[in-house]
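So the chains spell out like this:
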Amino acid sequence: MSVPFAVTALDGLDDFETWSAECLLPAVGASVAEARRLVRRELTSRGCASFVDDCQLIVSELVTNAVRHAGTAFALRLRGTREWVYGEVFDTGTMPPRPREPRDDATDGRGLLIVGALAASWGHAPGARGGKIVWFVLGDS
């Protein structure tokens, strides 16, 4: 069961209205689908429909990694305007994400390669109180 997005409109710079949303999800496989639904709903309602497909795929990969490797509840945060979307997944794991070069017949190991191909930029940082944040940007920030 997810904690609903907390949505706030922030004072934007220039003429852009900046919005943000976040939710807390458990480390279960069903959270991947829940995160995708939340991304679609929030981005569509904020006039960011052009980012929905790429954002859903990136979030799916990052959430799958959080469930698989951290194994604890995680936070999904989104922020943006109609021109860009910034997203992050925070989990309690301490190991940084590592892109791999999977074998041709491998069934996994391509997630971060997909993130890198779709995002304008992405990376990771330690959380303020432990854990890590894996972030990405879509569009022109």
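Here, every reference points to the structure presented above.
What comes next concerns the included structure. (Residues numbered from 1 in each chain as written. Predicted model: local features only at pLDDT ≥ 70, side-chain atom pairs only at ≥ 80, totals over all residues. Heavy atoms only, no water.)

### Overview of the environment of Val 89
Put simply, the rule is: Secondary structure follows DSSP: runs of H or I at least 4 residues long count as helices, runs of E at least 2 residues long count as strands, and numbering of each begins at the N terminus. Should any heavy atoms of two residues lie within 4.5 Å, those residues are counted as being in contact.
Its place among the elements puts Val 89 in strand 4 (residues 84-91). Sequence separation between Val 89 and Phe 74 is 15 residues, and the spatial gap between their C-alpha atoms is 6.9 Å. Apart from residues no more than four positions distant in its own chain, Val 89 is found in contact with Leu 62, Val 63, Ala 66, Phe 74, Ala 75, Leu 76, Lys 132, Ile 133 and Val 134.

### Description of helix 3 (residues 111-118)
Rules: Burial here depends on accessible area, computed with a 1.4 Å probe over protein chains only, as a share of the maximum for the residue type. Under 20% is buried, over 50% is exposed, and the range in between is partly exposed. The reported arc concerns the directions from the helix axis to the C-beta atoms and nothing else.
When we look at burial in helix 3, the residues that qualify are Gly 111, Leu 112 and Val 115. Taken around the axis of helix 3, the buried residues stretch over an arc of 90 degrees, which confines them to a single face. In this fold, the buried residues of helix 3 make contact with helix 2 (52-70) and strand 5 (121-126).

### Things to note about the nonpolar core
Grouped burial of nonpolar side chains is what soluble globular proteins tend to show. Using the following cut-off: Working definition of a nonpolar core: buried Ala, Val, Leu, Ile, Met, Phe, Trp, Tyr and Cys residues. They are joined through side-chain atoms within 4.5 Å.
Counting residues in hydrophobic clusters, the biggest one holds 30 residues, and the most contacted among them are Leu 43, Cys 55, Leu 78 and Phe 136. Elements with a contribution of two residues or more to this core: strand 2 (18-25), helix 1 (30-45), helix 2, strand 3 (74-80), strand 4, helix 3 and strand 6 (132-139). Element by element, the count of residues in this core is highest for helix 2, at eight residues.

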